[in-house]
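What follows is the residue order along each chain.
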Amino acid sequence: MVGYGSVISLPWGGEISFYVFLMVISSLVAAVWTMYRCSLNDAGAGRGILFTLLSAVLGLACGRAVYCGVRYVRLFYDPRGEFIGFSSFLDLTIGGINVIGVILGILLAAGLSSLVCRGKGLDLLDGAVVPGLFLFAVERFIEPMNGMGFGDLITNEQFSKFPFAIENGMGDYSLSVCFIEAVLAALIALALLFAYHKCKKSGTLAGIGLALLCMTQIMPESLRLDDVLFLFIFARVTQIGFAVLMAGTLFAFLIRGKRRGLSGKTIAVEILILLLGVGVCIGAEFALDKTNWPNLAVYAAMIAALLVMGIMTVRRGILEDKAREEKANA
């Protein structure tokens, strides 16, 4: 990996950090890729371009808003407790950007683009899900260049090496949480590439991708130790956000099912399973913070709950997609 603080010289003068350079390049690739994919489906090229531009602006703004909303005391007040204004919001060198806010910004961009150009926002999200996962994976993989992405210290020399660990700048090796998250996101993106033409209903691909992302990221986020946003002492904002997004995805699929006659009992059971799974994850975080229970057992319970929730949500999306195809062929 490139070392901390690595910079490259610009042809027209000045320097830029290698981390920022890679983020700009990968963002441009994701943007062009999104516009191309939108031009291939019902979204169309025009709406795809508008959606991509709005996603960049709103994703950045909402991601920054979530971060600043949680860290408002540190960002908007001086050490004496006096309000110093909102100028820190625009200074991206202070603090960071939260991924949940970025996703919410993209969802908002899809809705606004559809209102302006008249069309389904779900088509836009289908076009953006694979490029978005690619961008997420790249951002996580290069996090160490920004001094982030670390977990607990690793003392076992066999695992004190790439890709299991990364040097944290002080000569010690820490668990490479960012690499775990990057690999999981990349695998989902690869899987969705093969599933692209198998999804018949708008929004199915995006919903499945979002559900899988949430399922695979909640547990690794528990291992992260750097710059974590907390609510209520032990509740991590990013984990809560992923749980809410997964619930929203399941509800969206269940609404489709209800419209075609899915029984209220099935809907109630799946909602109950989701709530129980969320409860297990919350309990696991509490146990990790407040009890002496074996971490391995706690994480195993969390992973099991996440697998049940994620698989159930993906299954519901596939079933509703197939139901549409069967209805069309009837």
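One can find the structure itself at the top, above this paragraph.
Calculation criteria
Residues numbered from 1 in each chain as written. Predicted model: local features only at pLDDT ≥ 70, side-chain atom pairs only at ≥ 80, totals over all residues. Heavy atoms only, no water. Helix = DSSP H or I, 4+ residues; strand = E, 2+ residues; numbered from the N terminus. Rg over C-alpha atoms; globule rule 2.2 N^0.38 Å. Buried < 20%, exposed > 50% of the residue type's maximum accessible area, 1.4 Å probe, protein only. Contact = heavy atoms within 4.5 Å. Areas by Shrake-Rupley, 256 points an atom, 1.4 Å probe, with all protein chains shown as cover. Lys, Arg positive; Asp, Glu negative; His and termini not counted. Charge placed at Lys NZ, Arg CZ, Asp CG, Glu CD. Expected span 1.5 Å × (residues − 1). Bend = angle between axes of the 7 residues up to and from the residue. Pairing = 2+ DSSP bridges. Axes fitted to C-alpha atoms, helices over the stretch in contact; angles between N-to-C directions. Parallel < 35°, antiparallel > 145°, perpendicular 65-115°, else oblique. Left-handed = near helix turned anticlockwise from the far one by under 90°. Nonpolar A, V, L, I, M, F, W, Y, C, P; charged D, E, K, R; others polar. Salt bridge = Lys/Arg side-chain N within 4 Å of Asp/Glu carboxyl O. Patch = residues over 30% accessible without salt bridge, like charges linked within 9 Å, V, L, I, M, F, W, Y side chains within 5 Å. Polar contact = N/O pair within 3.5 Å; in protein donor to acceptor, adjacent residues only side chain to side chain. Core = buried A, V, L, I, M, F, W, Y, C linked by side-chain atoms within 4.5 Å.

Quick notes on the overall build of the protein chain
Each helix and strand in the protein chain was counted, giving 10 helices and seven strands. Here the C-alpha atoms of the protein chain give a radius of gyration of 21 Å, agreeing with the 20 Å that 2.2 N^0.38 yields for 330 residues. Counting every position in the protein chain, which comprises 330 residues, the buried fraction comes to 43%. Within the protein chain, contacts between residues at least 6 apart in sequence are counted, and of these 71% link residues at least 24 apart. When the accessible surface of the protein chain is split by element, carbon and sulfur atoms take 69% of a total near 17500 Å². The averaged location of the 24 negative side-chain charges in the protein chain is 14 Å from the averaged location of its 26 positive side-chain charges.

Overview of helix α7 (residues 204-223)
Between its first and last C-alpha atoms α7 spans 30 Å; for 20 residues at 1.5 Å apiece the expected length is 28 Å, and the two agree. A maximum bend of about 30° is found in α7 at Q217, where proline P220 lies one to four positions downstream. The buried fraction of α7 amounts to 20 of the 20 residues, a majority that puts the element mostly inside the structure.

Comments concerning the pairing of strand β5 (residues 173-176)
The two faces of the sheet receive side chains in turn, since in a regular strand these alternate between them. Two strands pair when backbone bridges link them, and strand β3 (residues 150-153) and β5 are joined in this way by two bridges, in the antiparallel orientation. For L153, the partnering residue across the bridge sits in β5 and is S174. Sheet topology places strand β4 (residues 165-167) next to β5; three bridges connect them, and they run antiparallel. In the sheet register, A165 faces β5, and the bridge partner there is L175.

Some words on the packing of helix α5 (residues 121-141) against α7
The geometry of α5 relative to α7 is characterised by a closest axis approach of 8 Å and an angle of 25° between their N-to-C directions. Looking at the two axes, α5 sits roughly parallel to α7. Judged by the twist between their axes, the crossing of α5 over α7 is left-handed. When α5 is examined against α7, the residues L125, D126, V129, L133, F136 and R140 are found in contact with a partner set consisting of T204, L205, A206, G209, L213, Q217 and E221. Counted by class, the contact of α5 with α7 contains seven nonpolar, three polar and three charged residues.

Re the pattern of salt bridges
Applying the stated criterion across every chain yields a total of 16 salt bridges. Salt-bridge contacts for R315 lead to E270; the nearest nitrogen and oxygen are separated by 3.8 Å. Of this pair, R315 sits in helix α10 (residues 295-329) while E270 sits in helix α9 (residues 264-290); the two residues are 45 residues apart in sequence, bridging distant segments of the chain. We classify R315 as partly exposed; its relative accessible area is 45%. Owing to a relative accessible area of 6%, E270 belongs among the buried residues under this scheme. Close ionic contact of R316 with E320 constitutes a salt bridge, the shortest N to O distance being 2.8 Å. Here E320 and R316 lie together in helix α10, a separation of four residues that amounts to about one turn.

Remarks on a nonpolar patch on the surface
Nonpolar side chains collect at one region of the surface, where V20, F21, V24, I25, L28 and V29 lie side by side and expose about 450 Å² of accessible area between them. Tracing the sequence through the fold places V24 in helix α1 (residues 18-40).

Some thoughts on the side chain of S26
Its location among the elements puts S26 in helix α1. Within the structure, S26 has its side chain in polar contact with the backbone oxygen of M23 (distance 3.1 Å).

Digging into the nonpolar core
Among the nonpolar cores identified, the biggest contains 56 residues, and F51, L192, F242 and L306 are the most heavily contacted of them. Tallying contributions element by element places α7 first for this core, with 12 residues. Once residues within four sequence positions are removed from consideration, F51 is found in contact with T34, C38, I106, A109, A110, S113, L124, L125 and A128. Judged by nonpolar contacts, the second largest core, of six residues, contains Y67, C68, L75 and F76.

Concerning the environment of N156
One can find N156 in the loop between β3 and β4. Accessibility expressed as a relative area gives 38% for N156, which makes it partly exposed. Between the C-alpha atom of N156 and that of Y173, which follows or precedes it by 17 residues, the distance is 9.6 Å.

Describing the sheet that holds β3
Backbone hydrogen bonds are what pair the strands of a sheet, in a parallel or an antiparallel way. With antiparallel pairing, three strands are arranged side by side in an open sheet as β3-β5-β4. Strands with a single pairing partner mark the edges of an open sheet, and in this sheet they are β3 and β4. Direction aside, neighbouring strands of the sheet carry axes that sit 45° apart on average. Sitting on the sheet, helix α6 (residues 177-195) is in contact with β3, β4 and β5, with an inclination near 20° to β5.

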